[in-house]
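Okay, here's what each chain looks like letter by letter:
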Amino acid sequence: MLDMAPNLTQAAGWMPIVFLGVMGLAMLAYVILDGYDLGVGMLMRSASEDDKDSMIASIGPFWDANETWLVLGVGILLTVFPMAHGVILGALYLPVAMMLIGLTLRGVAFDFRVKAHAARKPLWNRAFYAGSLMASWSQGYMLGSLITGFATTGWVIAFNAVIGLALLSAYCLLGAGWLIIKSGGALQLQAVRWARASLWLTMAGIAAISLATPWVSRAIFDKWFSFPNIVLLLPIPVATAVLFWVIHRSLQRLPTRLAQGNEYGIWVPFGGTIGVFLLAFYGLAYSLFPWLVIDRINIWQAAISPESMGVILAGAVVVLPMIIGYTVFSYRVFWGKSGALKY
Amino acid sequence: MDGLDALVLARIQFAANMTFHILFPTISISLAWVLLFFKLRFVKTGQQHWMDAYQFWVKIFALTFALGVVSGITMSFQFGTNWPGFMEKVGNIAGPLLAYEVLTAFFLEATMLGVMLFGRARVSEKMHTIATLLVAGGTTLSAFWILALNSWMHTPAGFEMIAGKAHVTSWLEVIFNPSFPYRFTHMMLASGLTVAFLVAGVSSYRWLRQERGAEVMAGLKTGIYLAAFLIPLQILAGDFHGLNTMEHQPAKLAAMEGIWQTQKGVPAVLFALPDEKAKENRYEIGIPKLASLYLTHHLDGEVRGLNEFEGKHPPVAPVFWAFRIMVGMGMLMLAVSWSSVLQLAPWKKDPARNLRNWQARALVAMTFAGWVALVAGWYTTEIGRQPWLVSGVLTAADAASQVVAPKIAFTLSLYLALYAALIVAYVSVVFYLARHKTPADSGMEDTPNPVTYPEQQTSQPGAAHA
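Heads up: these notes are all about the structure in this document. (Residues numbered from 1 in each chain as written. Chains lettered and ligands numbered in written order. Predicted model: local features only at pLDDT ≥ 70, side-chain atom pairs only at ≥ 80, totals over all residues. Heavy atoms only, no water.)

## Observations regarding the overall build of chain B
Move 1: Along the backbone of chain B there are 15 helices and eight strands.
Move 2: Against the 2.2 N^0.38 benchmark of 23 Å for 466 residues, chain B shows a C-alpha radius of gyration of 24 Å, consistent with a compact globule.
Move 3: The principal-axis extent of the C-alpha atoms belonging to chain B is close to 75 × 50 × 40 Å.
Move 4: Relative to its 466 residues, chain B shows a buried fraction of 61%.
Move 5: Taking as baseline every contact in chain B between residues at least 6 positions apart, the subset at least 24 positions apart corresponds to 76%.
Move 6: For chain B, the computed accessible surface area is about 17,900 Å², with 65% contributed by carbon and sulfur atoms.
Move 7: The positive charge centre, built from 33 side chains, and the negative charge centre, built from 29, are 10 Å apart in chain B. (Helix = DSSP H or I, 4+ residues; strand = E, 2+ residues; numbered from the N terminus. Rg over C-alpha atoms; globule rule 2.2 N^0.38 Å. Buried < 20%, exposed > 50% of the residue type's maximum accessible area, 1.4 Å probe, protein only. Contact = heavy atoms within 4.5 Å. Areas by Shrake-Rupley, 256 points an atom, 1.4 Å probe, with all protein chains shown as cover. Lys, Arg positive; Asp, Glu negative; His and termini not counted. Charge placed at Lys NZ, Arg CZ, Asp CG, Glu CD.)

Next comes the structure, spelled out in structure tokens:
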């Protein structure tokens, strides 16, 4: 595949790869970070009134910064690969609009629900839930479109819609895992039940995608099912299966342990799910590289001038470590559950 | 015909999103500094009412910020969905400017906001003040990059066109392009005025409800003094900005002033109905030679008219009227803030009683006066740039996407419904908060309570979620 690349010793050759990496990492960070709070938002529908407040409180300090990773990811697409940005977002016009409306509803409901008249609170709770659902599903739909090269036949649309459901349940799994760490008591046990329910949907979704993707996209089929790739790539599905098994076991054991006040292993479901996301991301990145629009636009065709990329890169090299630094700071400030951290 | 419809719809959609978006950052930029002021007063004097004022306004800040973020995300996507040609042609310039906004400002604000809103019991007082400062700095930095790009679109500089794409020759010239200093100053002052009237208006509303404690008076005075201080500066800055526009965007200025023919000794038109077909003003009421005086500083100075830009000038009536609405609001702001400040002056005894009821009502009525002036000013400058998206480089029509009209019409109607509902919700919640200082179930923010700070009642099972 790399024979398409211009000379990699030149800025025009290697810089697009670096930015693709940064964009990929930003998207990965977004999917994991906003994934858990969107998941919490969707799970809120089946929570009691008191638990709703606790669930919201668990994501309060974070959701805004989490969402910013999306802005960075799309920002790189917009600023470094403008030729692909227009094509991709033009093709995804309706799901993008749905996601934006969902994110808007979720973001404002978060604040309005505690500030508005008490009688309006259920309305904003519903908006919060609906917004999280819309954003999650449409993101899955877009992921499907990316894999299928933005085709619009009936089967492809159905495929995209199923991926929407799979991502939705994966977010619920992440959100439930987050709540297992951040909450206690009845809500924590409830979160374990939620995680178990969403685990099966997530597994089914990932299995369906793994089987359907090469079938839907010829380009991806060729990349995976040729020798020796098929052997080298085998660890990905195997490791994913192992992780699912680990999460499943831990969810089986957690209720008994939690009942005894033993919090050992509360990190396993959340951590395991992140592991699954990392593997899925790796598989997807392998499938798509170096295309931004599969078989049509690659990263070198879409990139801006090397001079302008250099200007952005200089800023990114200085600023990204700072961003990571104060993100870690923020998570440390709000570490743990009750009174674990006092200054 | 289809293409034209899609273009018009795409422009309406972008304008609607932009109009909605701009309302909120304009408040958060200056409100963040006002919050820092409250916090610093509290740290310095130890007087609780400064902290109370902080606690009250930080709720409105959080709400405003959230609306700004979600609508801003919409903006970043709409560059691609509605104007792909923009980034394709001038991406080498717009890209880095937008990237620097996200990198240097966006993350900083979003992360520190968490500490500012929820972290007061978890970090030191000093760290909390620093978080407030970083949020304020972040919002301002964000405005800096965005206005650099916006100004560049008005008065592009520091680039050359190679094979149909803009390439940078000097970043300093790109950022500090000819209209940037004026536009940035004008916009920052507009933000300050919007917040000054918001704070003064909401405080007056509480004052009229007989809530006249130290906290409300602190807000009232801060708002009124700030408004009275900023409005003369704004008039001055607006004047400089106008002169800059005359130099670099003469067609826009001619439309603002309603000048159809290049002439000497042009009048300042107070009222008219610009008639684009007849190329003249109907029912014109003007003050002779005044426009020449303030534009050229000579009674007989020559001002270029729309006749010099045949087919390449913006639609006259919207620019003409938007400009008058902005200036009119400015005059109203001057009158209201100065009449109020004289009542509250330090040499008066018991200023709380000296503010007249009608003045308080006028301030309440002007709570969102900043928004009116802001949107009018924004339309003046943005419609005034038409038909160009980037002056002399790229027209809006050339940058439009191929998305079909029905799709745009569908999403446009969704956005419009959502935005209308959210603006109503925002305004009513601001006044609701003014009536009910601490909602019974505030659940979230800085006030220690069972939900956010469960360490205070760890004995209660199930309440432990930080």
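Back to the text.
## Quick notes on the pattern of salt bridges
Residue and element names in this part refer to chain A.
Move 1: According to the stated counting rule, one finds 16 salt bridges over all chains in the structure shown.
Move 2: Residue aspartate 53 pairs with lysine 121 through a salt bridge whose shortest N-O separation is 3.1 Å. Residue aspartate 53 is located in helix α2 (residues 49-59), and its partner lysine 121 is located in helix α6 (residues 121-147); the two are separated by 68 residues in the primary sequence. When sorted by exposure, aspartate 53 lands in the same class as lysine 121, which is buried.
Move 3: The shortest N-O distance in the salt bridge between aspartate 111 and lysine 115 comes to 2.4 Å. Of this pair, aspartate 111 and lysine 115 both sit in helix α5 (residues 93-115), four residues apart, roughly one helical turn. Each member of the pair aspartate 111 and lysine 115 is classed as buried. (Salt bridge = Lys/Arg side-chain N within 4 Å of Asp/Glu carboxyl O.)

## Remarks on the interface of chain B and chain A
Reports often express the size of an interface as the amount of accessible area lost when the parts come together.
Move 1: Every contact between the two is made by 75 residues of chain B and, on the other side, 78 residues of chain A.
Move 2: Both sides of the chain B and chain A interface together cover about 6,700 Å² of buried area, and 75% of this is carbon and sulfur.
Move 3: Linking chain B with chain A are nine residue pairs in polar contact (both at pLDDT 80 or more).
Move 4: Within the residue set of the side of chain B that touches chain A, elements represented by two or more residues are α2 (48-82), α3 (84-118), β2 (165-168) and α15 (405-435) of chain B.
Move 5: Of the residues that constitute the side of chain B that touches chain A, the class distribution is 47 nonpolar, 20 polar and eight charged. (Buried area = accessible area lost by both parts, 1.4 Å probe. Polar contact = N/O pair within 3.5 Å; in protein donor to acceptor, adjacent residues only side chain to side chain. Nonpolar A, V, L, I, M, F, W, Y, C, P; charged D, E, K, R; others polar.)

## Re the nonpolar core
Move 1: Core analysis: the largest hydrophobic core is formed by 165 residues, its most contacted members being Phe81(A), Phe112(A), Leu292(A), Trp57(B) and Tyr426(B).
Move 2: Apart from the residues lying within four places of it in its own chain, the contact partners of Leu292(A) are Leu20(A), Met23(A), Leu77(A), Phe81(A), Ala84(A), Ile88(A), Leu146(A), Ile297(A), Asn298(A), Ile299(A) and Ala302(A).
Move 3: Ranked by size, the runner-up nonpolar core spans 50 residues in total, among them Leu78(A), Tyr93(A), Val174(B) and Val393(B). (Core = buried A, V, L, I, M, F, W, Y, C linked by side-chain atoms within 4.5 Å.)

## Considerations on the environment of Pro122(A)
All names here are of chain A.
Move 1: Relative to the helices and strands, proline 122 is located in helix α6.
Move 2: A residue is classified by how much of its surface remains accessible, and proline 122, at 39% relative accessible area, is partly exposed.
Move 3: In the structure, proline 122 is positioned 205 residues away from threonine 327 in sequence and 32 Å away in space, judged by C-alpha atoms.

## Quick notes on α2(A)
All names here are of chain A.
Move 1: In terms of residue burial, α2 counts as a mostly covered element, since nine of its 11 residues are buried.
Move 2: Taken residue by residue, α2 has Asp51, Lys52, Asp53, Ser54, Met55, Ile56, Ala57, Ser58 and Ile59 as its buried positions.
Move 3: Summarising the contacts, the buried residues of α2 are in contact with α1 (11-43), α3 (63-80), α5, α6, α7 (154-182) and α8 (185-216).

## Topic: the packing of helix α6 (residues 180-208) of chain B against α15(B)
Residue and element names in this part refer to chain B.
Move 1: It is the contact of α6 with α15, at a shortest axis distance of 9 Å, that shows an interaxial angle of 45 degrees. Judged by the angle between their axes, α6 and α15 are oblique. As α6 packs across α15, the resulting crossing turns out to be right-handed. On α15, the residues that touch Val202, Tyr205 and Arg206 of α6 are Val430, Phe431, Ala434 and Arg435.
Move 2: Of the residues in the contact of α6 with α15, the class split is five nonpolar, no polar and two charged. (Axes fitted to C-alpha atoms, helices over the stretch in contact; angles between N-to-C directions. Parallel < 35°, antiparallel > 145°, perpendicular 65-115°, else oblique. Left-handed = near helix turned anticlockwise from the far one by under 90°.)

## Some points on unusual backbone geometry
Move 1: Of note, the bond from Phe289(A) into Pro290(A) is cis; its omega dihedral lies within 30 degrees of zero at -5 degrees.
Move 2: Along the chain, Pro290(A) falls in the loop between α12 (268-288) and β1 (291-293).
Move 3: Between Gln386(B) and the following residue, Pro387(B), the backbone shows a cis peptide bond with an omega angle of 0 degrees.
Move 4: Checked against the element boundaries, Pro387(B) lands in the loop between α13 (369-383) and β7 (388-390).
Move 5: Despite not being glycine, Gln210(B) has its phi angle at roughly 65 degrees, a positive value.

## Looking at the packing of aromatic side chains
Move 1: This structure, assessed with the given rule, holds 42 aromatic pairs over all chains.
Move 2: For the ring pair Phe144(B) and Phe184(B), a centre distance of 5.9 Å and an interplane angle of 85 degrees mean the geometry is edge-to-face. Remark: Phe184(B) occurs in helix α6 and Phe144(B) occurs in helix α4 (residues 125-154); sequence separation between them is 40 residues. Here Phe144(B) and Phe184(B) have matching classes, each one buried.
Move 3: An aromatic cluster of at least three residues, connected via ring pairs, comprises Tyr36(A), Phe62(A), Trp178(A), Trp267(A), Phe270(A), Tyr331(A), Phe334(A) and Trp335(A). (Phe/Tyr/Trp six-rings, centres within 6.5 Å; stacked < 30°, edge-to-face > 60°.)

None of the figures reported here should be taken as evidence of function without further support.
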